[in-house]
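An overview of the molecular structure
As a plain string of letters, each chain reads:
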Amino acid sequence: MRIKYIHFIKYRFYSYIISIILILISAFSLYTRGLNLGLDFTGGTMMEVRFQKPVDTEQVDKALEAYNIKDAVVQRTNTGDIIIKTRIGENPQFVTKALNSIGSFELLQREDIGSVVSKDLKKKAILAIITALVGILIYLSFRYEFLFAIGGILALAHDVFIVVGAYSLTYKEVSLDVLASILVVAGYSITDTVVVFDRIRENLKLRKGMDLSEVINLSVNQNVVRTIMTSSTVFLSSLGLYMFGGTVLSDISFAFLIGVIVGTLSSIFVASALVLDVKILLKKFRKQNT
């Protein structure tokens, strides 16, 4: 597979505009809608039941509303069972009565998460994300110049923020499993970026007289086919999980679908371009202070 040489650096400001638009949309959605946090972060009760006769999720919704159970999440698994998630404060006995009004059922499992545990999980989730970002920043600083670390961490934060924004826009539930998948996306994204950075470092040694913008352009062009092929494979695998993996896997694989697209675009158009622009800004800053 051969692709015509593309001047990525020349068109980097168009990619910046697209990224800024996506970031603003994500920020607006997070501010106005927020996130649909799962029971892991809010506390509540999760019940998985199996009815003797086929039941629609709409029937369960109506039955719960009749018993004044609000904001319940009703999902169907790939085996046809029903999962009901209620916020903390809702009486599980009323849920049972509501389900009995539909028909006889079997309780397969039940999980209760208290408010204290959910608050602790929130703190640990935020700490996990911050620790991951700081760790990656330190790693990139040691492996490359600090300039590359700045470009890499900004591109990574860009990817994670847009994925989180996508969950806000679609109002998909964010659980601990989803958080883990977002961190996996972050790892995938930075790995893809590091491959490009490695090629830039090699070309800087081989082509010492070449301008940094040309070296970046050459390096991205040398890796673009590999990046697209790898990303396409991951995307198709994630799409299969999203379409046929059932309720449990759909929320998780959604992070992979969005993350692969955004991560691929940032690896090609954003991360390396940020290295160049940060260097230009630092040069201007030094001149003004000398």
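Residues numbered from 1 in each chain as written. Predicted model: local features only at pLDDT ≥ 70, side-chain atom pairs only at ≥ 80, totals over all residues. Heavy atoms only, no water.

What follows concerns the packing of aromatic side chains. Per the counting criterion, the structure on display carries seven aromatic pairs. With 5.7 Å between their ring centres and 50° between their planes, Phe-51 and Phe-105 make a pair best called tilted. Here Phe-51 is found in strand S2 (residues 44-51), whereas its partner Phe-105 is found in strand S5 (residues 105-113), with 54 residues between them in sequence. By relative accessible area, Phe-51 is classed as buried at 12%. Aromatic side chains Tyr-167 and Phe-254 sit 5.2 Å apart centroid to centroid with 90° between the ring planes, which places their arrangement in the edge-to-face category. One end of the pair, Tyr-167, is in helix H6 (residues 146-170); the other, Phe-254, is in helix H9 (residues 246-288), with 87 residues separating them in the sequence. For Tyr-167, a relative accessible area of 1% corresponds to the buried category. Judged by relative accessible area, Phe-254 falls into the buried class, the value being 9%. Put simply, the rings of Tyr-167, Tyr-242 and Phe-254 pair up and form one aromatic cluster. Its guanidinium or amino end placed over the ring of Phe-254, Lys-172 lies 5.3 Å from that ring's centre, counting from NZ or CZ. (Phe/Tyr/Trp six-rings, centres within 6.5 Å; stacked < 30°, edge-to-face > 60°. Helix = DSSP H or I, 4+ residues; strand = E, 2+ residues; numbered from the N terminus. Buried < 20%, exposed > 50% of the residue type's maximum accessible area, 1.4 Å probe, protein only. Lys NZ or Arg CZ within 6 Å of the ring centre and 35° of its normal.)

The terminal C-alpha atoms of helix H8 (residues 212-244), which comprises 33 residues, lie 46 Å apart, in line with the 48 Å expected from a rise of 1.5 Å per residue. Largest kink in H8: about 40°, centred on Asn-223. (Expected span 1.5 Å × (residues − 1). Bend = angle between axes of the 7 residues up to and from the residue.)

Another aspect to go through is the nonpolar core. It is characteristic of soluble globular proteins that their nonpolar side chains tend to be buried jointly. Membership of the largest hydrophobic core comes to 44 residues, with the highest contact counts inside it found for Leu-140, Tyr-167, Phe-197, Ile-200 and Ile-216. Counting only elements with at least two residues in this core, the list comes to helix H5 (115-143), H6, helix H7 (176-206), H8 and H9. By size, the runner-up hydrophobic cluster in this structure holds 15 residues, among which are Leu-64, Val-95, Ala-98 and Leu-99. (Core = buried A, V, L, I, M, F, W, Y, C linked by side-chain atoms within 4.5 Å.)

Attention shifts here to the confidence of the model for the protein. Residues at a pLDDT of 70 or more form 93% of the protein, whose mean pLDDT is 82. No element of the protein has a lower mean pLDDT than helix H2 (residues 39-42), at 73, and none a higher one than helix H1 (residues 12-32), at 92. (pLDDT = per-residue confidence, 0-100.)

A separate point is the environment of Phe-161. Secondary-structure assignment places Phe-161 in helix H6. What makes Phe-161 partly exposed here is its relative accessible area of 32%. Distance in space between the C-alpha atoms of Phe-161 and Ile-182 is 9.8 Å, their sequence separation being 21 residues.

A few words now on a nonpolar patch on the surface. A surface patch of nonpolar side chains, amounting to about 840 Å² of accessible area, comprises Ile-6, Tyr-11, Tyr-14, Ile-17, Ile-18, Ile-21, Leu-22, Ile-25 and Leu-169. Ranked by residues supplied to the nonpolar patch, first place goes to H1 with six residues. Take Ile-6: its relative accessible area is 33%, and that puts it in the partly exposed class. (Patch = residues over 30% accessible without salt bridge, like charges linked within 9 Å, V, L, I, M, F, W, Y side chains within 5 Å. Areas by Shrake-Rupley, 256 points an atom, 1.4 Å probe, with all protein chains shown as cover. Salt bridge = Lys/Arg side-chain N within 4 Å of Asp/Glu carboxyl O.)

Bringing the environment of Leu-241 into the picture now. Its location among the elements puts Leu-241 in helix H8. Separated by 51 residues in sequence, Leu-241 and Ile-190 place their C-alpha atoms 23 Å apart.

Turning our eyes to something else, we now look at the layout of surface pockets. Roughly 420 Å³ of volume is contained in the largest pocket. What lines the largest pocket is a set of 20 residues, and nearest its centre among them are Asp-40, Lys-85, Glu-173, Ser-175 and Asp-177. Within the residue set of the lining of the largest pocket, elements represented by two or more residues are H2, S2, strand S4 (82-87), S5, H7 and H9. When grouped by side-chain class, the residues that make up the lining of the largest pocket number eight nonpolar, five polar and seven charged. The calculated volume of the second largest pocket comes to roughly 290 Å³. Forming the walls of the second largest pocket are 13 residues, and the residues nearest its centre are Leu-35, Leu-37, Ile-129, Val-174 and Leu-179. Breaking the lining of the second largest pocket down by element, the ones donating at least two residues are H5, H6 and H7. When residues in the lining of the second largest pocket are grouped by element, the largest group, four residues, is from H5. Residues that form the lining of the second largest pocket fall into these classes: 12 nonpolar, no polar and one charged. (1 Å grid on protein atoms, 1.4 Å probe; cavity = no way out; pocket = protein on both sides within 12 Å on 5 of 7 lines; lining within 4 Å. Points joined across faces, edges and corners; volume = space filled by probe spheres on them. Nonpolar A, V, L, I, M, F, W, Y, C, P; charged D, E, K, R; others polar.)

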